[in-house]
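The primary structure of each chain is shown beneath.
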Amino acid sequence: MGDTAHLLLSYELYAFAARHPPVAAVMQRWMSNSRVALERFFDPLTARALDALIEGIGIHNSIDTELLEEDAIRTIVDRITGINNNFRQN
């Protein structure tokens, strides 16, 4: 997910963007691009949920003492998307 310094910078950017509309526009384009990429594989609502999940896991893993491991993240994504575990390719 990234090292702590990079994650902290991204949170600071979100907070700064919330108070500065020109920066918010850049962040909105970034989120839109992320969702478009996810929409190659998922419907728009699921893509939006996954985009938020990615950001949220990063936030939690930067602070939480019990990190979400890769297998747990896969299980969560599978549950949100309804993908069968047997579908995943390694």
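Residues numbered from 1 in each chain as written. Predicted model: local features only at pLDDT ≥ 70, side-chain atom pairs only at ≥ 80, totals over all residues. Heavy atoms only, no water.

Asks: Honestly, the overall build of the chain in this entry has me stumped. Any pointers?
Replies: Scanning the chain from N- to C-terminus turns up 4 helices and 0 strands. Element order for the chain, N to C, with α for helix and β for strand: α-α-α-α. Here the chain holds 90 residues, and the buried ones make up 19% of them. Restricting the contact set of the chain to residue pairs at least 6 apart, pairs at least 24 apart contribute 41%. When the accessible area of the chain is evaluated, it comes to approximately 7,000 Å², of which 59% is carbon and sulfur surface. (Helix = DSSP H or I, 4+ residues; strand = E, 2+ residues; numbered from the N terminus. Buried < 20%, exposed > 50% of the residue type's maximum accessible area, 1.4 Å probe, protein only. Contact = heavy atoms within 4.5 Å. Areas by Shrake-Rupley, 256 points an atom, 1.4 Å probe, with all protein chains shown as cover.)

Asks: Mind showing me how you'd approach the pattern of salt bridges here?
Replies: It is possible for side chains bearing opposite charge to pair when their charged atoms get close. As enumerated under the stated definition, the model contains 2 salt bridges in all. Of the charged contacts, one joins R35 and D51 as a salt bridge, the two residues approaching to 3.5 Å between their closest N and O atoms. Taken together, the residues span a long stretch of sequence, with R35 in helix 2 (residues 21–38) and D51 in helix 3 (residues 44–63) at a distance of 16 residues. Note that R74 is salt-bridged to E70, the shortest N-O span being 2.6 Å. Placement of both R74 and E70 in helix 4 (residues 70–81) is noted, with a separation of 4 residues, approximately one turn of the helix. (Salt bridge = Lys/Arg side-chain N within 4 Å of Asp/Glu carboxyl O.)

Asks: Got a minute to help me understand the packing of helix 3 against helix 4 in this structure?
Replies: Relative placement of two packed helices is described by the angle separating their axes and the distance separating the axes. Packing of helix 3 against helix 4 leaves a shortest axis separation of 10 Å and a crossing angle of 160°. In terms of axis orientation, helix 3 runs roughly antiparallel to helix 4. In this structure, helix 3 crosses over helix 4, and the sense of that crossing is right-handed. Taken together, the residues of helix 4 that come into contact with helix 3 (itself represented by T46, A49, L50, L53 and I57) are I73, I76, V77, I80 and T81. In terms of residue class, the contact of helix 3 with helix 4 is built from 8 nonpolar, 2 polar and no charged. (Axes fitted to C-alpha atoms, helices over the stretch in contact; angles between N-to-C directions. Parallel < 35°, antiparallel > 145°, perpendicular 65-115°, else oblique. Left-handed = near helix turned anticlockwise from the far one by under 90°. Nonpolar A, V, L, I, M, F, W, Y, C, P; charged D, E, K, R; others polar.)

Asks: Help me understand the packing of helix 2 against helix 3 in this model?
Replies: Running from amino to carboxyl end, helix 2 crosses helix 3 at an angle of 120°, the nearest separation of the two axes being 9 Å. Of the possible angle classes, the one that applies to helix 2 and helix 3 is oblique. In terms of crossing hand, the pair formed by helix 2 and helix 3 is right-handed. Residue-level inspection shows M31, S34, R35 and L38 of helix 2 in contact with helix 3, the latter providing A47, R48, L50, D51 and I54.

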